[in-house]
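One-letter residues, chain by chain:
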Amino acid sequence: MKVIHLISGGDSGGAKTHVLSLLQNLNKTITAQLVCFRDGPFAEEARSLGIPTEIFGGNNVLRTRRLLTDYIRRGGYQLIHCHGSRANMIGALLQGPTGLPVVTTVHSDYRLDYMGRPLGRLTYGAINAWALRRLDYRIGVSDAMVDLLIKRNFPPDRFYAIYNGIDFTPPPPQEDRLGYLRSLGADVEADSVVIGIAARLNPVKDMSTLIRGFAEGYKSCKKLRLVIAGDGEEREKLGNLAKELGVEKQVAFAGWISGGMDRFYGALDVNALTSLSETFPYALTEGARFRLATVATAVGGIPYLIDQGVNGYLIQPGDWKTLGKHFADLGNDDRLRREMGEGLYEKASTQFSIQRTVDTQLHIYSEILRRHSRPKAKRDGVVICGAYGRGNAGDDAILEAILQEMRTLDPDMPVTVLSKDPKSTRLAYRVRAVSRVALVSWYTAMRHAKLYINGGGSLIQDVTSRRSLWFYLMNIRAAKRAGCKVQMYGCGIGPVTRMNHRQLAAAVLNRSVDVITLREPDSRDELRAMGVDKPEILLTADPALTLRQAGDNETDSVLLEAGIPPHGRYICFALRRWKGYEDKAALFGKAARYAWERYGLTPVFLAVEKRMDPSASRMAAEGLKDVPHYFLDDAGRAGTMIGALSRMEIVVAMRLHALIFAAGQGIPLAGVVYDPKVSAFLRYIGQDIFTDLEALTEENLKQMVDEAAAKGQHPEVQASAVRRLQSLERGNVEVAQRLLGR
């Protein structure tokens, strides 16, 4: 593989480190040619690292374009990779004459690159913004940078994320730590706990919050010291602030550190960063290399490195009080510092090493070349329609599962999702998404797609809304008329209560659907009763059964954020407001008290639908003031919700997808049925512990808790049923594969 990298040649900081370390290591595997538009220290350092480097100087853009076009053709390069505004402009101009794919790495927010330079912003900034939108593909230095650009309406399916990686070769042993720190101006003793930061002293780094937080922590931990490595326009202001807060002696301003940063990080106990904005700072992975406990603001890509409360602490920008508390906790607890530092090292060294960065970059190149060579087709890809973008974790889990399965068929397949909130869907899944009310947009997508998927869940029903039924039937009919194959994917049917609705649904499904795959047998019976007999009908399972739980650290972080100790003994209640719920809510509280008193299980109230379920949870918990209990109002996406449910010993749920997720983890279940889909699923997995909401009493709910507790001794029966369903679920994908003609 031969890739040509374009860069101005005047870059510094993180962008410089990223490009040079990346190219140095890429050249061990492929040809990565560097082209700078000026000579100087950047190009000299590149040459010293063994990176093949050429200079194409001058301000004549058209001449540069012509010379580079000839150079690229003669060199047989396959891909053009740009870094920075000038390179982006040249890359956009090279697309036509070379016919090669052009990708750019976005190292910073392009709207802030020329802050304080209005003329530069009007000229170079405007040209860069134009070029960024013209280029074929974009790589963000962190998922947060990708999200930022997607929010600005860049195509979500043309993005990749990469993280700054470093070499985690063990650092040299520290010699004379105290002597070194004192040489930097620090007033330290043998028992001092030294907090450090390496950053420019400018407003975006928000050092005022750092010093205020340090002063707050110092009140309860007199061993704390702070060393600031860096310089900038705020030096005098920050010195005055330290004096004003009474920590002038405890704060050392070391200026820029010469001779490398190993000695600096090796002398610290705690690494800190209080920036208002970041992409993915090297300062944190450098600190992780030295196993430093870390406190940082939750900005940019930092939360992808630090799992809150597990391997470090995250604060909101400007929150100096919480920062001070974390500093004091770390200063007063040697064991906590060691555990935090070791945990961060373990994650960073495996996920954010330079080799991981290089491997990711090579994978991106391979995918771009594959996508670029994909034959153009009149019809290609899938349109997916369902109850997405409503804040319901169960419905969004269905979408996540379907997307995952479509990508196993074809990772480059175009996908368009119809969503109530297309912006959130684009961000969450990085697919094209259009509003459910944008008729022209979704019909245009149907005319170009091969397959339309009516995406899981119980969409064909008229209990929650008749307009919803009409909408989905209209979409199915429109998709068929637009020339798509139509699949109803791992879905439930009903209840459809009105006779005219049953007749309408049967007519549309018989005329417009090719295959219906169902998640349980009751839905098959309902289709037969409605007179649906023209489409092929297969029994499969709910797509959400294929989703996996998040890693332990990520799950721990979600639980800790809600104040829940990650490894306690818990019973989970996943409830929802429904007709008659208010009359029964107190019964769940009584069952929670019973589980606590008899089995020692602490109640956790989990929200599947983030906007509606918390009120149901609190209504049930009103009588638990003397019983410890927790609310998990935001368990994140499906993976972390499954992870949280895997920590429960019993799950009592009205919400279907809480039951599905827990069943997939082999957790004993007790179902409270407000809709036939709940009992249908439980029967399908051979689970008989359920009762209707209307028939719920204190006695039968406690009895279900007892039965679930007893089943916890024999999880293999339920696990076997779930494995069978997961095997059946593969039928959904096989049908889609057949309809796509693959």
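Structure shown above.
Given the structure is predicted, the values throughout are model-derived calculations rather than measurements. (Residues numbered from 1 in each chain as written. Predicted model: local features only at pLDDT ≥ 70, side-chain atom pairs only at ≥ 80, totals over all residues. Heavy atoms only, no water.)

Caption draft 1: Molecular detail of the overall build of the protein. Helix and strand counts for the protein stand at 29 helices and 26 strands. In terms of overall dimensions, the protein is globule-like: its C-alpha atoms have a radius of gyration of 29 Å, near the 27 Å expected for 742 residues. Its C-alpha atoms give the protein principal-axis dimensions of about 80 × 65 × 45 Å. Residues counted as buried form 57% of the 742 residues belonging to the protein. Considering only contacts in the protein between residues 6 or more positions apart, those separated by 24 or more positions represent 71%. On the protein, roughly 30,500 Å² of surface is accessible, and the fraction owed to carbon and sulfur atoms is 49%. Separation of charge centres in the protein, based on 97 positive and 82 negative side chains, amounts to 8 Å. (Helix = DSSP H or I, 4+ residues; strand = E, 2+ residues; numbered from the N terminus. Rg over C-alpha atoms; globule rule 2.2 N^0.38 Å. Buried < 20%, exposed > 50% of the residue type's maximum accessible area, 1.4 Å probe, protein only. Contact = heavy atoms within 4.5 Å. Areas by Shrake-Rupley, 256 points an atom, 1.4 Å probe, with all protein chains shown as cover. Lys, Arg positive; Asp, Glu negative; His and termini not counted. Charge placed at Lys NZ, Arg CZ, Asp CG, Glu CD.)

Caption draft 2: Inspection of the nonpolar core at higher detail. Among the nonpolar cores identified, the biggest contains 76 residues, and Phe588 and Val652 are the most heavily contacted of them. Per-element tally for this core: the top contributor is helix α23 (residues 581-599), with 8 residues. Those residues in contact with Val652 that sit more than four places away from it in its chain are Ile571, Cys572, Phe573, Ala574, Phe588, Ala670, Val672, Leu701 and Val705. One finds Phe168, Ile211, Ile306 and Phe352 within the second-largest nonpolar core, a separate group that totals 52 residues. (Core = buried A, V, L, I, M, F, W, Y, C linked by side-chain atoms within 4.5 Å.)

Caption draft 3: Expanded view of helix α2 (residues 41-48). Taken as a whole, α2 has its buried residues at Phe42, Ala43 and Ala46. Angularly, the buried residues of α2 cover 95° about the axis, an arc narrow enough to put them on a single face. The exposed residues of α2 that point more than 90 degrees off its buried face are Pro41, Glu44 and Ser48. (Arc of directions from axis to C-beta.)

Caption draft 4: Examining the packing of helix α8 (residues 207-218) against helix α9 (residues 235-244) more closely. Running from N to C, α8 and α9 point in directions that differ by 15°, and their axes come no closer than 10 Å. Compared by their axis directions, α8 and α9 come out roughly parallel. The two elements α8 and α9 cross, and the hand of that crossing is right-handed. Note on element contacts: α9 touches α8 through Lys237, Leu238, Leu241 and Ala242, opposite Met207, Ser208, Ile211 and Arg212. Within the contact of α8 with α9, the residues separate by chemical class into 5 nonpolar, 1 polar and 2 charged. (Axes fitted to C-alpha atoms, helices over the stretch in contact; angles between N-to-C directions. Parallel < 35°, antiparallel > 145°, perpendicular 65-115°, else oblique. Left-handed = near helix turned anticlockwise from the far one by under 90°. Nonpolar A, V, L, I, M, F, W, Y, C, P; charged D, E, K, R; others polar.)

Caption draft 5: How the structure looks around helix α4 (residues 85-98). Across its 14 residues, α4 extends 20 Å between first and last C-alpha, which sits within 8% of the 20 Å expected from 1.5 Å per residue. Every buried residue of α4 is listed here: Ala87, Asn88, Met89, Ile90, Gly91, Ala92, Leu94, Gln95 and Thr98. (Expected span 1.5 Å × (residues − 1).)

Caption draft 6: The arrangement of the packing of aromatic side chains in detail. This model, assessed by the stated rule, comprises 20 aromatic pairs. Summarising the aromatic geometry, the rings of Phe168 and Tyr345 are spaced 6.0 Å apart at their centres and angled 75° between planes, so their arrangement reads as edge-to-face. With Phe168 in the loop between β7 (159-162) and α7 (177-183) and Tyr345 in helix α14 (residues 334-351), this residue pair connects regions lying 177 residues apart in the sequence. Like Tyr345, Phe168 is buried. (Phe/Tyr/Trp six-rings, centres within 6.5 Å; stacked < 30°, edge-to-face > 60°.)

Caption draft 7: Representation of the sheet that holds strand β4 (residues 79-83) within the structure. Across the sheet, which stays open at both edges, the 7 strands sit in the order β3-β2-β1-β4-β5-β6-β7 with parallel pairing between neighbours. In this open sheet, the two edge strands, each paired with only one partner strand, are β3 (53-55) and β7. Looking at each pair of strands side by side, their axes are set apart by 25° on average, direction ignored. Direction of pairing for β4 relative to strand β5 (residues 102-106): parallel, over a ladder of 4 bridges. Counterpart to Ile80 in the pairing with β5 is Val102. Most of the contacts of α2 go to β3, to which it runs at about 155°, and overall it touches β1 (2-7), β2 (31-36) and β3. (Pairing = 2+ DSSP bridges.)

Caption draft 8: Representation of the side chain of Asn392. Counting through the fold element by element, Asn392 comes out in the loop between β14 (382-385) and α16 (393-409). The class of Asn392 is buried, set by a relative accessible area of 11%. Here Gly394 takes part through its backbone nitrogen, which lies 2.8 Å from a polar atom of the side chain of Asn392. At 3.2 Å, the side chain of Asn392 forms a polar contact with the backbone nitrogen of Asp395. (Polar contact = N/O pair within 3.5 Å; in protein donor to acceptor, adjacent residues only side chain to side chain.)

Caption draft 9: Expanded view of unusual backbone geometry. Residue Gly494 is joined to Pro495 through a cis peptide bond whose omega torsion reads 0°. Even without glycine at this site, Asn153 takes up a positive phi of about 70°. Overall, Asn153 belongs to the exposed group, its relative accessible area being 54%. In this structure, Arg291 is a non-glycine residue whose phi angle is positive, near 60°.

Caption draft 10: Spatial organisation of the packing of helix α26 (residues 656-664) against helix α27 (residues 676-684). Between α26 and α27, the shortest axis-to-axis distance is 10 Å and the interhelical angle comes to 15°. Viewed along their axes, α26 and α27 adopt a mutual orientation that is roughly parallel. Handedness of the crossing formed by α26 with α27: left-handed. Contacts between α26 and α27 involve Leu656, Leu659, Ile660 and Ala663 on the former and, on the latter, Lys677, Val678, Phe681 and Leu682. Each residue belonging to the contact of α26 with α27 can be placed in one class, and the counts come to 7 nonpolar, no polar and 1 charged.

Caption draft 11: Structural context of the pairing of strand β9 (residues 224-229). Extensive coverage of β9 is indicated by the burial of 6 of its 6 residues. The parallel pair strand β8 (residues 193-198) and β9 is bridged by α8, and the resulting crossover is right-handed. In this sheet, strand β10 (residues 251-255) lies alongside β9 in parallel orientation, the contact comprising 4 bridges. What sits directly across from Ile228, in β10, is Phe253. (Right-handed = clockwise from strand over helix to strand, strands pointing away.)

Everything listed here is a matter of geometry and, on its own, says nothing about what the molecule does.
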